[in-house]
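As a plain string of letters, each chain reads:
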Amino acid sequence: MDLTYRPRRLRRTHSLRAMVRENLLSPSDFIYPLFVHQGSQEEEIGAMPGAKRWSLDNVLNEVHRAWGLGIRCIVLFPKISEDLKSEDGSECFNENGLIPRAISLIKKELPDMTVMTDVALDPYSCDGHDGIVSKEGIVLNDETIEQLCRQAVVQAQAGADLIGPSDMMDGRVGAIREALDDEGFAPVGIISYTAKYSSAYYGPFREALDSAPRLDTRKVIPKDKSTYQMDPANSREAIIEAQLDEQEGADILMVKPGLAYLDIIYRLREESELPIAAYNVSGEYAMVKAAAQKGWIDERSVVLETLLSFKRAGADLILTYHACDAAGWLRNQLD
Ligand code: PBG
(Lines give C-alpha, C1' and ligand atoms only; values in the text may rest on other atoms or scores of the structure.)
Protein backbone atom coordinates (compact mmCIF):
# COMPACT_ATOMS: atom_id res chain seq x y z
CA MET A 1 0.00 0.00 0.00
CA ASP A 2 1.14 3.50 -0.74
CA LEU A 3 0.62 5.09 2.72
CA THR A 4 2.13 8.42 3.73
CA TYR A 5 1.25 8.06 7.38
CA ARG A 6 2.03 4.85 9.20
CA PRO A 7 1.43 5.53 12.92
CA ARG A 8 2.85 2.09 13.69
CA ARG A 9 6.37 3.45 12.90
CA LEU A 10 6.46 5.06 16.34
CA ARG A 11 5.14 1.94 18.05
CA ARG A 12 7.78 -0.37 16.59
CA THR A 13 10.27 -0.57 19.50
CA HIS A 14 10.35 -0.06 23.28
CA SER A 15 12.61 2.94 22.85
CA LEU A 16 10.42 4.65 20.29
CA ARG A 17 7.32 4.07 22.40
CA ALA A 18 9.06 5.52 25.45
CA MET A 19 10.19 8.57 23.44
CA VAL A 20 6.68 9.53 22.32
CA ARG A 21 4.82 8.55 25.50
CA GLU A 22 2.57 11.43 26.53
CA ASN A 23 1.85 10.55 30.15
CA LEU A 24 3.94 8.99 32.88
CA LEU A 25 3.11 7.70 36.33
CA SER A 26 5.34 8.52 39.26
CA PRO A 27 5.01 7.48 42.94
CA SER A 28 4.91 11.18 43.83
CA ASP A 29 1.57 11.39 41.95
CA PHE A 30 0.02 9.06 44.50
CA ILE A 31 -1.83 9.76 47.73
CA TYR A 32 -1.90 6.60 49.85
CA PRO A 33 -4.97 6.09 52.10
CA LEU A 34 -4.49 4.51 55.52
CA PHE A 35 -7.26 3.35 57.84
CA VAL A 36 -6.49 3.61 61.53
CA HIS A 37 -8.33 2.16 64.50
CA GLN A 38 -8.13 2.05 68.27
CA GLY A 39 -7.01 -1.60 68.60
CA SER A 40 -3.47 -2.84 69.09
CA GLN A 41 -3.42 -5.23 66.11
CA GLU A 42 -3.90 -4.59 62.43
CA GLU A 43 -7.16 -5.90 60.96
CA GLU A 44 -8.07 -7.11 57.49
CA ILE A 45 -10.94 -5.40 55.66
CA GLY A 46 -13.28 -7.92 54.03
CA ALA A 47 -14.17 -6.12 50.81
CA MET A 48 -10.72 -4.52 50.40
CA PRO A 49 -8.15 -7.31 50.23
CA GLY A 50 -4.67 -5.95 50.90
CA ALA A 51 -5.93 -2.86 52.77
CA LYS A 52 -5.83 -2.90 56.56
CA ARG A 53 -7.00 -1.03 59.59
CA TRP A 54 -3.73 -0.06 61.25
CA SER A 55 -3.19 0.41 64.94
CA LEU A 56 -1.33 3.52 66.02
CA ASP A 57 1.59 1.24 66.93
CA ASN A 58 2.10 -0.26 63.52
CA VAL A 59 0.88 2.48 61.18
CA LEU A 60 4.37 4.05 61.30
CA ASN A 61 5.94 0.99 59.69
CA GLU A 62 3.49 1.26 56.83
CA VAL A 63 4.20 4.98 56.41
CA HIS A 64 7.94 4.23 56.28
CA ARG A 65 7.34 1.53 53.69
CA ALA A 66 5.33 3.98 51.55
CA TRP A 67 8.06 6.62 51.88
CA GLY A 68 10.68 4.07 50.81
CA LEU A 69 8.63 3.37 47.68
CA GLY A 70 8.63 7.06 46.77
CA ILE A 71 5.17 7.97 48.03
CA ARG A 72 5.09 11.50 49.45
CA CYS A 73 1.49 11.91 50.66
CA ILE A 74 -0.80 9.80 52.81
CA VAL A 75 -4.42 10.38 53.85
CA LEU A 76 -5.86 9.10 57.13
CA PHE A 77 -9.33 7.64 57.78
CA PRO A 78 -10.46 6.60 61.26
CA LYS A 79 -12.62 3.69 62.38
CA ILE A 80 -14.19 5.10 65.51
CA SER A 81 -15.57 2.85 68.22
CA GLU A 82 -19.34 2.88 68.62
CA ASP A 83 -19.34 4.51 72.08
CA LEU A 84 -17.59 7.62 70.70
CA LYS A 85 -20.18 8.20 67.97
CA SER A 86 -22.91 10.77 68.47
CA GLU A 87 -25.58 12.70 66.56
CA ASP A 88 -23.37 15.79 66.20
CA GLY A 89 -20.15 13.82 65.70
CA SER A 90 -18.27 15.96 68.19
CA GLU A 91 -15.53 13.35 68.63
CA CYS A 92 -14.26 14.74 65.31
CA PHE A 93 -12.67 17.69 67.12
CA ASN A 94 -11.32 15.83 70.14
CA GLU A 95 -7.68 16.95 70.29
CA ASN A 96 -6.72 13.57 71.73
CA GLY A 97 -8.81 11.62 69.22
CA LEU A 98 -7.49 8.93 66.93
CA ILE A 99 -6.75 11.16 63.94
CA PRO A 100 -4.92 14.00 65.74
CA ARG A 101 -2.81 11.38 67.54
CA ALA A 102 -2.03 9.56 64.28
CA ILE A 103 -1.11 12.84 62.55
CA SER A 104 1.31 13.94 65.27
CA LEU A 105 2.94 10.50 65.48
CA ILE A 106 3.54 10.43 61.74
CA LYS A 107 4.74 14.04 61.46
CA LYS A 108 7.14 13.50 64.37
CA GLU A 109 8.59 10.37 62.79
CA LEU A 110 8.62 11.53 59.15
CA PRO A 111 8.14 15.31 58.95
CA ASP A 112 8.57 15.39 55.17
CA MET A 113 5.67 13.03 54.50
CA THR A 114 2.68 15.16 53.48
CA VAL A 115 -0.29 14.29 55.66
CA MET A 116 -3.77 14.83 54.27
CA THR A 117 -6.94 14.44 56.32
CA ASP A 118 -10.60 13.82 55.61
CA VAL A 119 -13.08 16.34 56.98
CA ALA A 120 -16.66 15.06 57.42
CA LEU A 121 -18.75 13.72 60.27
CA ASP A 122 -19.56 10.22 58.99
CA PRO A 123 -16.89 8.24 60.92
CA TYR A 124 -18.09 9.99 64.10
CA SER A 125 -21.84 10.07 63.44
CA CYS A 126 -24.16 7.46 64.97
CA ASP A 127 -26.46 8.16 61.99
CA GLY A 128 -23.76 7.45 59.40
CA HIS A 129 -24.02 10.80 57.62
CA ASP A 130 -21.41 13.40 56.73
CA GLY A 131 -23.46 16.06 58.50
CA ILE A 132 -25.82 16.46 61.43
CA VAL A 133 -29.24 14.90 60.74
CA SER A 134 -32.22 16.88 62.10
CA LYS A 135 -35.29 15.29 63.71
CA GLU A 136 -37.05 15.65 60.37
CA GLY A 137 -34.28 13.76 58.57
CA ILE A 138 -32.59 16.78 56.95
CA VAL A 139 -28.79 16.88 56.79
CA LEU A 140 -28.16 20.35 58.21
CA ASN A 141 -25.71 22.46 56.22
CA ASP A 142 -24.60 25.43 58.33
CA GLU A 143 -24.68 23.64 61.69
CA THR A 144 -22.50 20.89 60.20
CA ILE A 145 -19.98 23.41 58.90
CA GLU A 146 -19.35 24.68 62.43
CA GLN A 147 -18.31 21.15 63.43
CA LEU A 148 -16.19 20.74 60.29
CA CYS A 149 -14.28 23.96 60.99
CA ARG A 150 -13.43 22.75 64.48
CA GLN A 151 -12.38 19.38 63.04
CA ALA A 152 -10.11 21.05 60.45
CA VAL A 153 -8.45 23.30 63.05
CA VAL A 154 -7.72 20.36 65.36
CA GLN A 155 -6.19 18.44 62.45
CA ALA A 156 -4.04 21.45 61.53
CA GLN A 157 -2.94 21.83 65.16
CA ALA A 158 -1.82 18.19 65.12
CA GLY A 159 0.34 18.92 62.05
CA ALA A 160 -1.78 18.11 58.98
CA ASP A 161 -0.50 19.61 55.72
CA LEU A 162 -3.63 19.28 53.58
CA ILE A 163 -7.21 19.38 54.84
CA GLY A 164 -9.66 17.37 52.69
CA PRO A 165 -13.33 18.29 53.15
CA SER A 166 -15.30 15.32 51.78
CA ASP A 167 -18.72 16.29 53.17
CA MET A 168 -20.20 18.30 50.25
CA MET A 169 -21.89 20.93 52.46
CA ASP A 170 -22.31 24.26 50.66
CA GLY A 171 -19.74 26.87 51.63
CA ARG A 172 -17.51 24.59 53.65
CA VAL A 173 -14.28 25.34 51.81
CA GLY A 174 -14.56 29.09 52.50
CA ALA A 175 -15.54 28.55 56.12
CA ILE A 176 -12.67 26.11 56.72
CA ARG A 177 -10.22 28.50 55.00
CA GLU A 178 -11.32 31.29 57.31
CA ALA A 179 -11.18 29.11 60.42
CA LEU A 180 -7.65 27.92 59.56
CA ASP A 181 -6.47 31.47 58.87
CA ASP A 182 -8.01 32.79 62.10
CA GLU A 183 -6.17 30.15 64.12
CA GLY A 184 -2.80 30.86 62.49
CA PHE A 185 -2.82 28.04 59.95
CA ALA A 186 -2.64 30.07 56.74
CA PRO A 187 0.07 27.75 55.30
CA VAL A 188 -2.15 24.66 55.62
CA GLY A 189 -3.74 23.76 52.27
CA ILE A 190 -7.21 22.59 51.30
CA ILE A 191 -7.67 19.69 48.89
CA SER A 192 -11.39 19.85 48.28
CA TYR A 193 -13.56 16.92 47.31
CA THR A 194 -15.01 19.25 44.70
CA ALA A 195 -17.09 16.92 42.55
CA LYS A 196 -18.05 14.10 44.86
CA TYR A 197 -20.84 11.97 43.47
CA SER A 198 -23.48 10.01 45.38
CA SER A 199 -21.94 6.73 44.34
CA ALA A 200 -22.43 3.04 45.06
CA TYR A 201 -18.66 2.62 44.61
CA TYR A 202 -18.08 3.72 48.23
CA GLY A 203 -19.52 0.46 49.66
CA PRO A 204 -16.26 -1.23 50.73
CA PHE A 205 -15.00 1.99 52.39
CA ARG A 206 -18.16 2.21 54.49
CA GLU A 207 -17.53 -1.38 55.56
CA ALA A 208 -13.95 -0.48 56.52
CA LEU A 209 -15.18 2.36 58.74
CA ASP A 210 -18.55 0.88 59.65
CA SER A 211 -19.91 4.26 58.57
CA ALA A 212 -22.87 3.51 56.29
CA PRO A 213 -26.13 5.45 56.92
CA ARG A 214 -28.02 3.68 59.70
CA LEU A 215 -31.66 2.83 60.23
CA ASP A 216 -33.05 4.28 63.41
CA THR A 217 -36.47 4.09 65.04
CA ARG A 218 -36.11 7.46 66.83
CA LYS A 219 -35.86 9.57 63.69
CA VAL A 220 -35.83 9.45 59.92
CA ILE A 221 -32.34 8.83 58.60
CA PRO A 222 -31.87 9.42 54.85
CA LYS A 223 -30.84 6.05 53.41
CA ASP A 224 -28.27 7.55 51.06
CA LYS A 225 -26.27 10.77 50.63
CA SER A 226 -28.02 12.14 47.55
CA THR A 227 -29.20 15.37 49.21
CA TYR A 228 -25.58 16.51 49.44
CA GLN A 229 -23.40 14.37 47.19
CA MET A 230 -23.79 14.99 43.45
CA ASP A 231 -26.15 13.24 41.05
CA PRO A 232 -24.16 10.83 38.81
CA ALA A 233 -26.20 12.11 35.86
CA ASN A 234 -24.70 15.61 36.05
CA SER A 235 -21.52 17.14 34.71
CA ARG A 236 -22.21 20.91 34.42
CA GLU A 237 -22.84 20.92 38.15
CA ALA A 238 -19.22 19.81 38.66
CA ILE A 239 -18.08 23.03 37.00
CA ILE A 240 -20.22 25.09 39.38
CA GLU A 241 -18.73 23.24 42.35
CA ALA A 242 -15.22 23.83 40.97
CA GLN A 243 -15.84 27.55 40.50
CA LEU A 244 -17.20 27.87 44.04
CA ASP A 245 -14.28 25.92 45.55
CA GLU A 246 -11.79 28.12 43.70
CA GLN A 247 -13.50 31.29 44.90
CA GLU A 248 -13.60 29.92 48.44
CA GLY A 249 -9.86 29.23 48.44
CA ALA A 250 -9.33 25.55 47.58
CA ASP A 251 -5.74 24.71 46.61
CA ILE A 252 -6.43 21.39 44.86
CA LEU A 253 -9.69 20.11 43.33
CA MET A 254 -10.63 16.44 43.55
CA VAL A 255 -13.05 14.30 41.52
CA LYS A 256 -14.56 11.23 43.15
CA PRO A 257 -15.04 8.43 42.14
CA GLY A 258 -12.38 8.44 39.44
CA LEU A 259 -12.88 5.74 36.89
CA ALA A 260 -16.55 6.21 36.05
CA TYR A 261 -15.97 10.00 36.06
CA LEU A 262 -12.95 10.45 33.77
CA ASP A 263 -15.01 12.93 31.73
CA ILE A 264 -15.39 15.10 34.84
CA ILE A 265 -11.63 15.05 35.45
CA TYR A 266 -11.14 16.11 31.84
CA ARG A 267 -13.70 18.92 32.12
CA LEU A 268 -12.25 20.30 35.34
CA ARG A 269 -8.77 20.17 33.80
CA GLU A 270 -10.09 22.37 30.98
CA GLU A 271 -11.90 24.77 33.32
CA SER A 272 -9.34 25.28 36.09
CA GLU A 273 -5.64 25.96 36.42
CA LEU A 274 -5.50 24.38 39.89
CA PRO A 275 -4.02 20.90 40.37
CA ILE A 276 -6.65 18.19 39.91
CA ALA A 277 -6.78 14.97 41.93
CA ALA A 278 -8.67 11.78 41.11
CA TYR A 279 -9.97 9.49 43.86
CA ASN A 280 -9.74 5.86 42.73
CA VAL A 281 -12.32 4.72 45.30
CA SER A 282 -12.80 1.55 47.33
CA GLY A 283 -15.34 -0.09 45.00
CA GLU A 284 -13.03 0.37 42.02
CA TYR A 285 -10.23 -1.20 44.05
CA ALA A 286 -12.41 -4.10 45.22
CA MET A 287 -13.50 -4.98 41.66
CA VAL A 288 -9.91 -5.19 40.44
CA LYS A 289 -8.85 -7.23 43.46
CA ALA A 290 -11.76 -9.65 43.11
CA ALA A 291 -11.19 -10.25 39.40
CA ALA A 292 -7.43 -10.63 39.96
CA GLN A 293 -7.99 -13.16 42.74
CA LYS A 294 -10.16 -15.17 40.36
CA GLY A 295 -7.38 -15.09 37.79
CA TRP A 296 -9.63 -13.22 35.35
CA ILE A 297 -7.35 -10.20 34.88
CA ASP A 298 -3.67 -9.44 35.36
CA GLU A 299 -3.67 -7.15 38.41
CA ARG A 300 -0.41 -5.34 37.73
CA SER A 301 -1.26 -4.41 34.15
CA VAL A 302 -4.85 -3.45 34.92
CA VAL A 303 -3.87 -1.26 37.87
CA LEU A 304 -1.11 0.60 35.99
CA GLU A 305 -3.37 1.08 32.96
CA THR A 306 -6.16 2.42 35.19
CA LEU A 307 -3.87 4.82 37.04
CA LEU A 308 -2.45 6.06 33.76
CA SER A 309 -5.98 6.75 32.52
CA PHE A 310 -6.40 9.29 35.34
CA LYS A 311 -3.24 11.09 34.22
CA ARG A 312 -4.36 11.01 30.58
CA ALA A 313 -7.72 12.49 31.56
CA GLY A 314 -5.88 15.39 33.20
CA ALA A 315 -5.33 14.47 36.85
CA ASP A 316 -2.08 15.52 38.51
CA LEU A 317 -2.64 13.43 41.63
CA ILE A 318 -4.25 10.05 42.25
CA LEU A 319 -5.61 8.97 45.59
CA THR A 320 -5.49 5.17 45.40
CA TYR A 321 -5.40 2.07 47.62
CA HIS A 322 -3.07 0.57 44.99
CA ALA A 323 -0.43 3.25 45.70
CA CYS A 324 2.26 1.04 47.31
CA ASP A 325 1.79 -1.85 44.87
CA ALA A 326 1.87 0.51 41.91
CA ALA A 327 4.95 2.34 43.20
CA GLY A 328 6.72 -1.02 43.53
CA TRP A 329 5.73 -2.10 40.03
CA LEU A 330 6.83 1.22 38.51
CA ARG A 331 10.25 0.75 40.03
CA ASN A 332 10.64 -2.52 38.11
CA GLN A 333 8.95 -1.42 34.94
CA LEU A 334 10.91 -1.92 31.71
CA ASP A 335 8.42 -0.85 29.08
C1 PBG B 1 -16.45 10.23 53.93
C2 PBG B 1 -15.76 9.58 52.80
C3 PBG B 1 -16.23 8.54 51.99
C4 PBG B 1 -15.18 8.19 51.15
C5 PBG B 1 -14.11 9.04 51.45
N6 PBG B 1 -14.50 9.90 52.46
C7 PBG B 1 -17.51 7.79 52.01
C8 PBG B 1 -18.77 8.45 51.73
O9 PBG B 1 -18.83 9.59 51.29
O10 PBG B 1 -19.77 7.81 51.99
C11 PBG B 1 -15.22 7.07 50.16
C12 PBG B 1 -13.90 6.54 49.74
C13 PBG B 1 -13.89 5.25 49.01
O14 PBG B 1 -14.92 4.65 48.69
O15 PBG B 1 -12.77 4.79 48.75
N16 PBG B 1 -17.09 11.40 53.73
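Our subject is the structure that appears above.
Our subject in this report is the structure included herewith. Source: prediction; values computed, not measured. The numbers attached to residues start from 1 for each chain and follow its sequence in the written order. Local features are withheld for residues below a pLDDT of 70 in this predicted model, meaning they are given only at 70 or higher, and side-chain atom pairs are given and counted only at 80 or more; totals for whole chains, interfaces and linings count all residues. Note that the side-chain values use all heavy atoms of the structure and ignore hydrogens as well as water.

1. Focus: the packing of aromatic side chains
Part 1 of the reasoning: Only rings of Phe, Tyr and Trp enter the pairing, Trp through its six-membered ring, and a pair is recorded when the two centres are within 6.5 Å. The plane angle decides the type: under 30 degrees is stacked, over 60 is edge-to-face, the rest tilted. Taken as a whole and assessed by the stated rule, the structure comprises eight aromatic pairs.
Part 2 of the reasoning: Here the aromatic rings of Tyr193 and Tyr279 are separated by 6.0 Å at their centres, their planes lie at 45°, and the arrangement is tilted. Here Tyr193, found in strand β9 (residues 189–196), pairs with Tyr279, found in strand β11 (residues 276–280); they are 86 residues apart in sequence, far enough to count as distant.
Part 3 of the reasoning: Here Tyr193 falls in the buried class, since its relative accessible area comes to 1%.
Part 4 of the reasoning: Take Tyr279: its relative accessible area is 1%, and that puts it in the buried class.
Part 5 of the reasoning: Ring geometry for Tyr197 and Tyr261: centres 4.3 Å apart, planes at 20°, overall stacked. Placement of the pair is Tyr197 in the loop between β9 and α6 (203–209) and Tyr261 in the loop between β10 (252–256) and α8 (262–271), with a sequence separation of 64 residues. Helix numbering and strand numbering both begin at the N terminus, where a helix is a DSSP run of H or I of at least 4 residues and a strand a DSSP run of E of at least 2. Relative accessibility thresholds used throughout: buried, under 20% of the residue-type maximum; exposed, over 50%; partly exposed, between the two (1.4 Å probe, protein chains only).

2. Structural notes on the side chain of Gln229
Part 1 of the reasoning: As for its position among the elements, Gln229 is in the loop between α6 and α7 (236–248).
Part 2 of the reasoning: We call two residues in contact when some of their heavy atoms are within 4.5 Å. Discounting chain neighbours no more than four positions away, the residues touching Gln229 are Asp130, Met168, Lys196, Tyr197, Ser198, Ser199, Tyr202 and Arg206.

3. A few points about the environment of Pro204
Part 1 of the reasoning: Counting through the fold element by element, Pro204 comes out in helix α6.
Part 2 of the reasoning: Overall, the relative accessible area of 12% leaves Pro204 in the buried class.
Part 3 of the reasoning: Pro204 sits 78 residues away from Cys126 along the chain, and the two C-alpha atoms are 18 Å apart.
Part 4 of the reasoning: Contacts of Pro204, omitting those with residues within four sequence positions, involve Ala47, Met48, Ser282, Gly283 and Ala286.

4. Topic: the nonpolar core
Part 1 of the reasoning: Each nonpolar core is a collection of buried residues, namely Ala, Val, Leu, Ile, Met, Phe, Trp, Tyr and Cys, held together in the definition by side-chain atoms within 4.5 Å. Among the nonpolar cores identified, the biggest contains 79 residues, and Phe30, Ile74, Leu76, Ile176 and Leu180 are the most heavily contacted of them.
Part 2 of the reasoning: Per element, the largest residue contribution to this core is seven residues, and it comes from helix α4 (residues 141–158).
Part 3 of the reasoning: Non-local contacts of Leu180, meaning those with residues more than four positions away in its chain, are made with Ala152, Val153, Ala156, Ile163, Phe185, Ala186, Val188 and Ile190.
Part 4 of the reasoning: Judged by nonpolar contacts, the second largest core, of 25 residues, contains Cys73, Val75, Met116 and Leu317.

5. Describing the site of the ligand
Part 1 of the reasoning: Taken together, 18 residues are adjacent to the ligand, and Lys196, Arg206, Lys256, Ser282 and Tyr321 come closest.
Part 2 of the reasoning: Between a nitrogen atom of the ligand and a side-chain N or O atom of Ser166, the distance comes to 2.8 Å.
Part 3 of the reasoning: Polar contact is the term for a pair of N or O atoms within 3.5 Å; when the atoms are in protein, one must be able to donate a hydrogen and the other to accept it, and sequence-neighboring residues count only if both atoms are side-chain atoms. For the ligand, an oxygen atom lies 3.5 Å from a polar atom in the side chain of Tyr279.
Part 4 of the reasoning: Note on areas: Shrake-Rupley, 1.4 Å probe, and residue coverage restricted to the protein chains presented here. Burial of the ligand by the surrounding chains reaches 100%, relative to a free accessible area of 400 Å².
Part 5 of the reasoning: For this scheme, ten residues count as nonpolar: Ala, Val, Leu, Ile, Met, Phe, Trp, Tyr, Cys and Pro. Four count as charged, namely Asp, Glu, Lys and Arg, and the remainder, Gly too, count as polar. Of the residues contributing to the shell around the ligand, the split by class is eight nonpolar, three polar and seven charged. Note on definitions. A residue lies near a molecule or strand when any single heavy atom of the residue is within 4 Å of it.

6. Focus: the side chain of Ser192
Part 1 of the reasoning: Looking at the secondary structure, you find Ser192 in strand β9.
Part 2 of the reasoning: Only 2.6 Å separates the side chain of Ser192 from the side chain of Asp245, close enough to count as a polar contact.
Part 3 of the reasoning: Beyond its immediate chain neighbours, meaning those up to four positions away, Ser192 contacts Pro165, Arg172, Val173, Asp245, Ala250, Ile252, Leu253 and Met254.

7. Focus on helix α5 (residues 172–182)
Part 1 of the reasoning: Residues of α5 that are buried: Arg172, Val173, Ile176, Arg177, Ala179 and Leu180. One side of α5 holds all its buried residues, which, seen down the axis, span an arc of 165°. Away from its buried face by more than 90 degrees, α5 exposes Glu178 and Asp182.
Part 2 of the reasoning: Along its buried surface, α5 packs onto β5 (114–119), α4, β8 (162–165), β9 and α7. The directions considered for the arc run from the helix axis to the C-beta atoms.

8. A closer look at a positive patch on the surface
Part 1 of the reasoning: Side chains of Arg6, Arg8, Arg9 and Arg11 sit close together on the surface and give a patch of like positive charge.
Part 2 of the reasoning: A relative accessible area of 68% means that Arg8 is categorised as exposed. Candidates for patches are residues over 30% relative accessible area with no salt bridge; among them, like charges are joined within 9 Å and nonpolar side chains (Val, Leu, Ile, Met, Phe, Trp, Tyr) within 5 Å. For this document, the term salt bridge refers to a Lys or Arg side-chain nitrogen within 4 Å of an Asp or Glu carboxyl oxygen. The charge count includes Lys and Arg as positive and Asp and Glu as negative, but it does not include His or the ends of the chains. Charge positions come from single atoms, namely NZ of Lys, CZ of Arg, CG of Asp or CD of Glu.

9. So, the pattern of salt bridges
Opposite charge on two side chains permits pairing when their charged atoms draw close.
Part 1 of the reasoning: For the structure on display, the rule yields 20 salt bridges.
Part 2 of the reasoning: For Glu82, the salt bridge goes to Arg214, with nearest N and O atoms at 3.0 Å. Placement of Glu82 in the loop between β4 (73–79) and α3 (98–109) and of Arg214 in the loop between α6 and α7 is noted, with a sequence separation of 132 residues between them.
Part 3 of the reasoning: A salt bridge links Arg214 to Asp210, with the shortest nitrogen-to-oxygen separation between them at 3.9 Å.
Part 4 of the reasoning: What you see here is one network of salt bridges that share partners, running through Glu82, Lys85, Asp210 and Arg214.

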